[in-house]
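Here's the letter readout for the chains.
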Amino acid sequence: MSVAGINVLVEETRARQAAATAPLLAIRDVSTYYGSVAALRGVDLEVGEGEIVTLIGANGAGKSTLMMTIFGAPQARTGSVVYAGQDITRLPTHAIARLGLAQSPEGRRVFPRMSVFENLQMGASLHGGRHFAGDLERVCALFPRLKERLQQRAGTMSGGEQQMLAIGRALMSRPRLLLLDEPSLGLAPLVVKGIFDAIRDLNRQDGMTIFLVEQNAYHALKLAHRGYVLVNGRVTMSGTGRQLLDDPAVKSAYLEGGHGVAAGA
Amino acid sequence: MADARTSSLPDILRDAGLYALVAFGLCIPIVAYRTNAGPTGLELTPRWPLVAAFCAAIFVLRVVQRLILARRDARRALTPSPAQATEAVQGEPDAGQRVSTFGLYAFLGIALTLPVIASLASGGLGPARYWIDLGILILTYVMLGWGLNIVVGLAGLLDLGYVAFYAVGAYCYALLSTTFGLSFWVCLPLAGLFAAAWGMVLGFPVLRLRGDYLAIVTLAFGEIIRLVLINWTDLTGGAAGISSIPRASFFGIPFSADEDGFAARFGLEFDSMHRVVFLYYLILGLALLTNFATLRLRRMPIGRAWEALREDEIACRSLGIDTTTTKLTAFALGAAFAGFAGSFFSVRQGFISPESFTFLESAIILAIVVLGGMGSQVGVAIAAVAMVGGPELLRNLGFLSAVFGEGFDPNEYRLLLFGLAMVAMMVWRPRGLISVRVPSVSLGERRAISGAHVSEGHG
């Protein structure tokens, strides 16, 4: 092998190492505005490959705005969103989705008059049905309830089932990074547990990278490798899930009271 | 009406009395006096017995309605609503919402053989002309309804200016044929393409609009096209329109009495009805083409994307669907079918003017789609028959003049009846005649889902 050939090999190895250490998603100094009102003020956040990262915060802290900013609607006014080494800050939503990000949006947003099966098909529309059968089986194994209801209209299902469908639909696009916006919203504690178990399985068994936005801080922090706390559009704290759970400030702001309810489940 | 209904008899009577009172109040200015032009000016003829009859009728109808509702409520109280169930809901549509396959084929069979049936029934092609003409008119609206169904029913984009594309198609054929002498068969695809292009032109500015706002802009667009047609006198002939548009030929063979004509070539006796029958089958073919294309598209990714767009635009985008192209294709395809129908309209009439493309036309087409049940192809066809054929029926109700006195013309009341029918529809079938959506894919048994069981999608 020539020297030039060896050099190329070395270069490739270096690039691979760099890619392995660089985070899958990096949000750098992002500010997002609704008109003249700032919803995010200089947010920095990273999600590494294979991690579950959670973002917790109160109502109106800007959690969902951050989620939507990653998806380009609304776009960040300053700062950048980098996914797998590519700047996606100014890409339209559908183009971002085609790069391998998928989200289960706030409020689930399933297609109510379409059947569960059709909803899942819509999730797979990026691949034109190439991996459909296998992916469908995987989603059904993760959420057996969906399998029973493939023919049912999505709008007639319970909130928990719709949440399962929203996650399943996102998974059908074979994402590298799964964004979940408040999957526990408005669900009974037992159902929440089921959903969080599924999220854990996805990460532990399939190695799925997950960015989880949650108000249910106790469950989210217990599940996540790392967490961030968002207050009034700023990240005020970050650390491993354990660290944040034990932090007195986090405890008093997000866990006291809420903890009892969650533990009761 | 939504108040907690108590169904004791005195309550019902009191309620019905209230209705009769309101009816009485309404009757005073509208019905109570008839103005006649007498020798000394206007004379008032009091018609109090008629007012009394109206009030009595309203009273009785309300009592009957309340009794029926009370019985239904009592029955419902015994069986829980499927909407409340947490177990899997089958969502079977009730019998009235389904059209049997037999009914479907019967419908198609009648459409295919109408000229034969009509001429047998009325004894010859000539006398059957009225029925065949009516068939052509209805089929034109069926086609327009199916075309608009793509935009409104599937993609969920409320379009109040659909008639604009109909006009574009009509003027496209009229101008191309009178100016360049192009034949109908060349102009037909051109008209479709041209209308589709205009569909895109409308689509671009309204990409970010939805619901009411979209409706207003499309309404304005329809009016703009009409006003341009009226005022661009050099090109369109203004309000006078375009006349002597070449008639349709049988793929190049004219329907004329001479030796090169259709009748002579095929060894038939010349009959001016040949052209009418040909036009009938032409529009039937075009309408079926529209239907076929829509049904195929619904199974393809683009059709699925339209439906998803109707359900939830944001979810659509986050699944990687480009909503811009999805909307534009819906507008363009819907417009293309209107363009085909428009060019058929102008070849059939031989004369067009902006008068034919008023907002009322858009409203009728939209009403056909909504009454039929958005997204339902069969429903649209039934609604078109009812909406276009229904008023024609009124012409033949001569016996009514025996009831209401000499000089009673039921045709004068068509808009009133039309309105009543609409109100009745919205009360009893708020989601249209055929309010089921059959999934475009299914595992095993194909199961329609009743529209009553889920809320509307918000988009």
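How each quantity is defined
Residues numbered from 1 in each chain as written. Chains lettered and ligands numbered in written order. Predicted model: local features only at pLDDT ≥ 70, side-chain atom pairs only at ≥ 80, totals over all residues. Helix = DSSP H or I, 4+ residues; strand = E, 2+ residues; numbered from the N terminus. Buried ≥ 20, exposed ≤ 12 C-beta atoms within 10 Å, placed from the backbone. Contact = placed C-beta atoms within 7 Å. Pairing = 2+ DSSP bridges. pLDDT = per-residue confidence, 0-100. Axes fitted to C-alpha atoms, helices over the stretch in contact; angles between N-to-C directions. Parallel < 35°, antiparallel > 145°, perpendicular 65-115°, else oblique. Left-handed = near helix turned anticlockwise from the far one by under 90°. Nonpolar A, V, L, I, M, F, W, Y, C, P; charged D, E, K, R; others polar. Domains from an automatic or database assignment.

**Looking at the overall build of chain A**
In step 1: A count of helical and extended segments in chain A gives 12 helices and 10 strands.
In step 2: Put simply, chain A has 265 residues, and 49% of those count as buried.
In step 3: Pairs at least 24 apart in sequence give 67% of the contacts found in chain A among residues at least 6 apart.

**Here's the deal with the pairing of strand β10 (residues 234-240) of chain A**
Residue and element names in this part refer to chain A.
In step 1: Across six bridges, the pairing between strand β9 (residues 226-231) and β10 is antiparallel. The residue bridging Arg 226 from the neighbouring strand is Thr 240, located in β10.
In step 2: Where β9 folds back on β10, the antiparallel hairpin that results is connected by two residues, among which Asn 232 adopts a positive phi of roughly 50°.

**With respect to the sheet that holds strand β2 (residues 37-47) of chain A**
Residue and element names in this part refer to chain A.
In step 1: Strand order in the open sheet made by the four strands is β2-β1-β4-β5, with antiparallel pairing throughout. Only two strands of the sheet have a single neighbouring strand rather than two, namely β2 and β5 (86-87).
In step 2: Where strand β1 (residues 25-34) meets β2, seven bridges bridge the pair, whose relative direction is antiparallel. Along β2, the bridge assignment pairs Tyr 34 with Val 37.

**What to know about the confidence of the model for chain B**
Residue and element names in this part refer to chain B.
In step 1: When the pLDDT values of chain B are averaged, the result is 83; 85% of them are 70 or greater.
In step 2: Counted against residues more than four places away or in other chains, residues 82-97, with its pLDDT under 50, gives 26 contacts.
In step 3: Here residues 451-459 is a poorly scored stretch, pLDDT under 50, and it has 31 contacts once near neighbours within four places are set aside; other chains count.

**Some thoughts on the packing of helix α4 (residues 129-154) of chain B against helix α15 (residues 377-395) of chain B**
All names here are of chain B.
In step 1: With their axes 9 Å apart at the nearest point, α4 and α15 run at an angle of 140° to one another. With respect to α15, the element α4 is oriented oblique. Classified by chirality, the crossing of α15 by α4 is right-handed. Each of Leu 134, Leu 137, Ile 138, Tyr 141, Val 142, Gly 145, Trp 146 and Asn 149 in α4 lies in contact with α15, whose residues at this interface are Gln 377, Val 380, Ala 381, Ala 383, Ala 384, Val 385, Val 388, Gly 389 and Glu 392.
In step 2: Here the contact of α4 with α15 is built from residues that sort into 12 nonpolar, four polar and one charged.

**Quick word on the domain arrangement of chain A**
Much of the literature gives interface size as the accessible area that the parts lose upon coming together.
Residue and element names in this part refer to chain A.
In step 1: Split into domains, chain A comes out as domain 1 (24-100 + 176-265) and domain 2 (106-175).
In step 2: A straight line from the C-alpha centre of domain 1 to that of domain 2 covers 22 Å.
In step 3: Taken together, the contact between domain 1 and domain 2 spans 18 residues of the former and 11 residues of the latter.
In step 4: Broken down by secondary-structure element, the contributors of at least two residues to the side of domain 1 that touches domain 2 are β7 (177-181) and α8 (189-206).
In step 5: With five residues, the single largest contributor to the side of domain 1 that touches domain 2 is α8.
In step 6: Grouping the constituent residues of the side of domain 1 that touches domain 2 by class yields 10 nonpolar, three polar and five charged.

**Comments concerning the domain arrangement of chain B**
In step 1: Taken domain by domain, chain B comprises domain 1 (9-78) and domain 2 (101-396 + 429-453).
In step 2: One C-alpha centre belongs to domain 1 of chain B, the other to domain 2 of chain B; they are set 40 Å apart.

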